[in-house]
Each structure stands twice: as C-alpha cells, then as structure tokens.
Amino acid sequence: MKRQTPELDELKIPQSAEIPDDVIPLFGQEKKDDIPSTTKIVYDIIMLGLLVVDLLLIIGDKILMSGLATKLAQWFGFGANLATYHEQYHLSISAIGGVFTIFWVAELLVRWLIAIIKKTYFRWFFFPFVHWYEVLGCFPALRALRLLRAGVIIKRLHHINIKVIPEKWLKSAQFYYHVILEELSDRVILTAVDNFRTQMAQSRTHGELVQSAINKNRAELEQVVLELLRRELSPKLEQAFLQEVGQKLSVDIGRAVEQALVDTPELKRYLKLIPIAGGLIESQITNVGKHIGENVTTAVNGHLFDPKTLDTLMINIAKGVASIDTTRPELQKLVGTVVDDALTAFEKQIKIQQWKHKAQLHL
C-alpha cells in the first residue's frame, strides 16, 4: 500500500532510536539503544582517515599558496623551496583534491541509493536535506564543511568508547569554549544593560516605561496588594482591635460617657428636684452610661473589624493602589531608583567570571 504524506500535526520530533546513525543528532539526542556493527565502525574509521588526509591537504595547500607564506619564505630564506612547491607540487595536490571531491560525491550517491533501498527516510529525496553539510561539502568552495562530517564521525566513535581525541583535549577544548562564550555573552549583556540605563536616564523614556509597565499590570498589581493586605494586615488589625486595643478603647469611651454625664449641669439640676433618691439615681445613670459606651464601642469594633468588613476594606485599598497616578514625579523617581539598583546588582553578577573558578582544574 502506498504511503500517504502525513499532515503537519501528525509530525513529531524523532526519538533517539528513530534517528539514522549517520546524521547529526537532533536537539542533543543520542542513539544509545543499539551498538553499530563492526562494518560500520570500520567504515567510519576509514572515512575519518580519508577526511583527515583530505582536510590536511586542503589546509596545507591553502597555507603554502597564501601571500603570508610567500613573505615568510622570503624572510627566512626558503623562498626557492616554496617556489618549487608552487611550480611542481601545487597542481598535483589540486588534482588529488579533485579526486577526493569525486570520491565524496560518489560515496554520497551510493549512500543515498542505499537509503532509498532500505527506506531509511519517509521520502527518497529527504537524504540530501538531512545530509546538507555533506552535499555542500562536495563543492570546492565549501570543502571546509567536510570538517563537520569528520566531527560527526568522531562524536559517534566516542559514543562507543573509541577515543579518537584524548579526553584531556576534549575537556580543555570544552573549557576554553565556555570561556569564550561567557566572555562574549557578558559583553553583549553589559552593553544592553548600559543602553537600557541610558534610555532610563531620559525623563520622557523613563516616564513612558513606568506608565507602560503599570498600565499593563494593574490587575496583577491589585491582586498582589490584596493578597499582601489579607495575609499581613487583616490578621493584625483583628488581633489588635478585637483584643487589646479594642478592649481598652471600649473602657476609655465608657469612662468618657460617664464623665460627660457627671459634668452635665442640667442632669444634676433636674435630679436635685427629686428628694432623697436624686443622688442614687445620678449614680445609677452615670454607671449605666458607662456600660452603654463600652457596649456600643465593642459593637462598633466588632462590626468594623469583622472579617467580611475588613476584606471589603482591603479590596478598596488594593483598587486604590492599583489605580495610582503613574505621572507623579515621586513614583517615577522611586521606580527609577529601584530599576537602577536592580541593574547595578545584575551588572555586578554578570561581571563575576565563572570560568575563573575552574582555572585551577587540571585540564
């Protein structure tokens, strides 16, 4: 039955077991499920040897034919030898390079035919796209890409514990690669931070950044403020006013009511009109007023600091904070200071050269 071309949503990233053993691994996936046969191992070693010879001839010929080599030969007195190479050996080396090019083209075509016969890929024309570096490396102007195939073969041999390159060399290369990468990335990041700091120094840009940041995140700002108020402020208010402060406030208001009744001259004048019982009634009225004041204060506190009332208050406060006017100079200055401090701390961290911690390693 003829296979149908899959839809886009049916395609997926190939698993490690599905990757052909002669291509660059995708996304760092490695084939670990099966061990290559002896034939494949020997074939890889032979191809690697031929690639090394081919690349050495290419590099050597390019160096010897360069203007720099000519000047160095004149300075050190072996210009005649270099001229002999130019006249007698350059064409031979070029011919050998042409033979190698024909060989790589033929070898690539044979492998393509084998891939078609074995149906390695979903379509017969997928092979040159998967092995793009080998296809381009067949062109004389792009022969340097053959180095990439040599690297793929070396990596594949290392996975089966055939150490083509000493482990110490690999660790040293990896270390210096990370050194260069870190230094380059640090310079890029520091330059970007410096440019951003320059933009922040401009008042107009600063204000626009603050307004844009707050306007885009007002809902999140309101939610964060509300959560902080609910978690930090509400329990403290409830505890303070309903226990210690609330009780003291009710007692103070009760005493104030009592004192107000005592200091009311009209009440005393009217009570004096009542013979014998006037003084007793005055005492009872002030005592009742004191208790009324305490009870009213306790009831008001209980209502004001009820969890539902407090939550409503916190919601209104959070909305007020989120609706803050972003054009106020005080706010822009505060945000600018915070951003500048954050950038300074970020720059300080970036300037720490992490690779120096590994400088004492015996690589």
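Please read these numbers as outputs of a predicted model, since none were measured by experiment.

J.: Is there a simple way to explain the overall build of the chain in this structure?
T.: When you go through the chain residue by residue, the secondary structure sums to 13 helices and zero strands. In sequence order, the secondary structure elements of the chain are arranged as α-α-α-α-α-α-α-α-α-α-α-α-α. Taking all 363 residues of the chain together, the buried fraction comes to 23%. Long-range contacts, defined here as pairs at least 24 residues apart, represent 69% of the contacts in the chain between residues at least 6 apart. Entry remark: accessible area of the chain is about 25,600 Å², with carbon and sulfur atoms responsible for 66%.

J.: Please explain the side chain of E134 as it appears in this structure.
T.: Residue position: E134 is located in helix α5 (residues 132-137). One polar contact links E134 to H131, side chain to side chain, over a distance of 2.9 Å.

J.: What am I meant to see in the pattern of salt bridges here?
T.: Side chains that differ in sign of charge can pair as their charged atoms come close. Counted according to the given criterion, the structure contains eight salt bridges. A salt bridge links R149 to E107, with the nearest nitrogen and oxygen atoms 2.8 Å apart. Of this pair, R149 sits in helix α6 (residues 146-159) while E107 is found in helix α3 (residues 79-118), placing the two residues 42 residues apart along the sequence. Between E183 and R187 there is a salt bridge, and its shortest N-O distance comes to 3.2 Å. Separated by four residues within a single helix, E183 and R187 lie in helix α7 (residues 167-201), roughly one turn from each other. By relative accessible area, R187 is classed as partly exposed at 43%.

J.: Any chance you could explain the side chain of D61 here in plain terms?
T.: You can see D61 is positioned in helix α1 (residues 38-64). Although D61 lies buried, it forms no salt bridge, and the closest oppositely charged side chain, R143, sits 6.0 Å away as judged by the N-O distance. Polar contacts involving the side chain of D61 include one to the side chain of Y85, which spans 2.6 Å. Polar contacts involving the side chain of D61 include one to the side chain of H90, which spans 2.9 Å.

J.: How should I be thinking about the environment of G320 in this particular structure?
T.: Residue position: G320 is located in helix α12 (residues 307-322). In this structure G320 comes out as partly exposed when scored by relative accessible area, which is 46%. With 98 residues separating them along the chain, G320 and E222 place their C-alpha atoms 8.4 Å apart.

J.: Looking at this structure, how should I read α3?
T.: Residues separated by three or four positions in an α-helix point in the same direction, a consequence of the helix having 3.6 residues per turn. Taking 1.5 Å per residue, 40 residues should reach 58 Å; α3 reaches 55 Å between its end C-alpha atoms and fits that length. Of all the bends in α3, the greatest, near 50°, is centred on Y89. Taken together, the buried positions of α3 are occupied by L82, Y85, H90, G97, F100, T101, W104, E107, L108, R111 and A115. Buried residues along α3 sit in contact with α1, α2 (67-76), α4 (127-130), α5 and α6. A positive phi of about 55° marks K119, the residue just after α3.

J.: Can you walk me through unusual backbone geometry in this structure?
T.: Excluding glycine, residues mostly have negative phi values, and the peptide bonds linking residues are mostly trans. Positioned with a positive phi, K119 is a non-glycine residue whose angle comes to about 55°. Structurally, the position occupied by K119 is in the loop between α3 and α4. We note that N161 has phi near 65°; this positive angle belongs to a residue other than glycine. Here N161 is to be found in the loop between α6 and α7.

J.: Would you mind showing me how to read the packing of α1 against α6 here?
T.: Packed helices, taken two at a time, are described by the angle their axes make and the gap between the axes. Their axes nearest at 10 Å, the elements α1 and α6 cross at an angle of 145°. In this structure, the crossing between α1 and α6 has a hand that is left-handed. Where α1 approaches α6, its residues I41, Y43, D44, I45, M47, L48, L51, D54, L55 and I58 are matched on the opposing element by R146, L147, R149, A150, I153, I154, R156 and L157. A per-class count over the contact of α1 with α6 returns 13 nonpolar, no polar and five charged.

J.: Before we go on, may I ask you to explain the nonpolar core in this structure?
T.: One broad rule of soluble globular proteins: the nonpolar side chains tend to lie buried together. By size, the foremost hydrophobic cluster in this structure holds 15 residues, and its most contacted members are L48, L51, W104, F127, I153 and L157. When residues of this core are traced back to their parent elements, those giving at least two are α1, α3 and α6. Contact partners of I153, with chain neighbours within four places excluded, come to D44, M47, L48 and L51. By size, the runner-up hydrophobic cluster in this structure holds five residues, among which are L226, L229, M314 and A318.

Calculation criteria
Residues numbered from 1 in each chain as written. Predicted model: local features only at pLDDT ≥ 70, side-chain atom pairs only at ≥ 80, totals over all residues. Heavy atoms only, no water. Helix = DSSP H or I, 4+ residues; strand = E, 2+ residues; numbered from the N terminus. Buried < 20%, exposed > 50% of the residue type's maximum accessible area, 1.4 Å probe, protein only. Contact = heavy atoms within 4.5 Å. Areas by Shrake-Rupley, 256 points an atom, 1.4 Å probe, with all protein chains shown as cover. Polar contact = N/O pair within 3.5 Å; in protein donor to acceptor, adjacent residues only side chain to side chain. Salt bridge = Lys/Arg side-chain N within 4 Å of Asp/Glu carboxyl O. Lys, Arg positive; Asp, Glu negative; His and termini not counted. Expected span 1.5 Å × (residues − 1). Bend = angle between axes of the 7 residues up to and from the residue. Axes fitted to C-alpha atoms, helices over the stretch in contact; angles between N-to-C directions. Left-handed = near helix turned anticlockwise from the far one by under 90°. Nonpolar A, V, L, I, M, F, W, Y, C, P; charged D, E, K, R; others polar. Core = buried A, V, L, I, M, F, W, Y, C linked by side-chain atoms within 4.5 Å.

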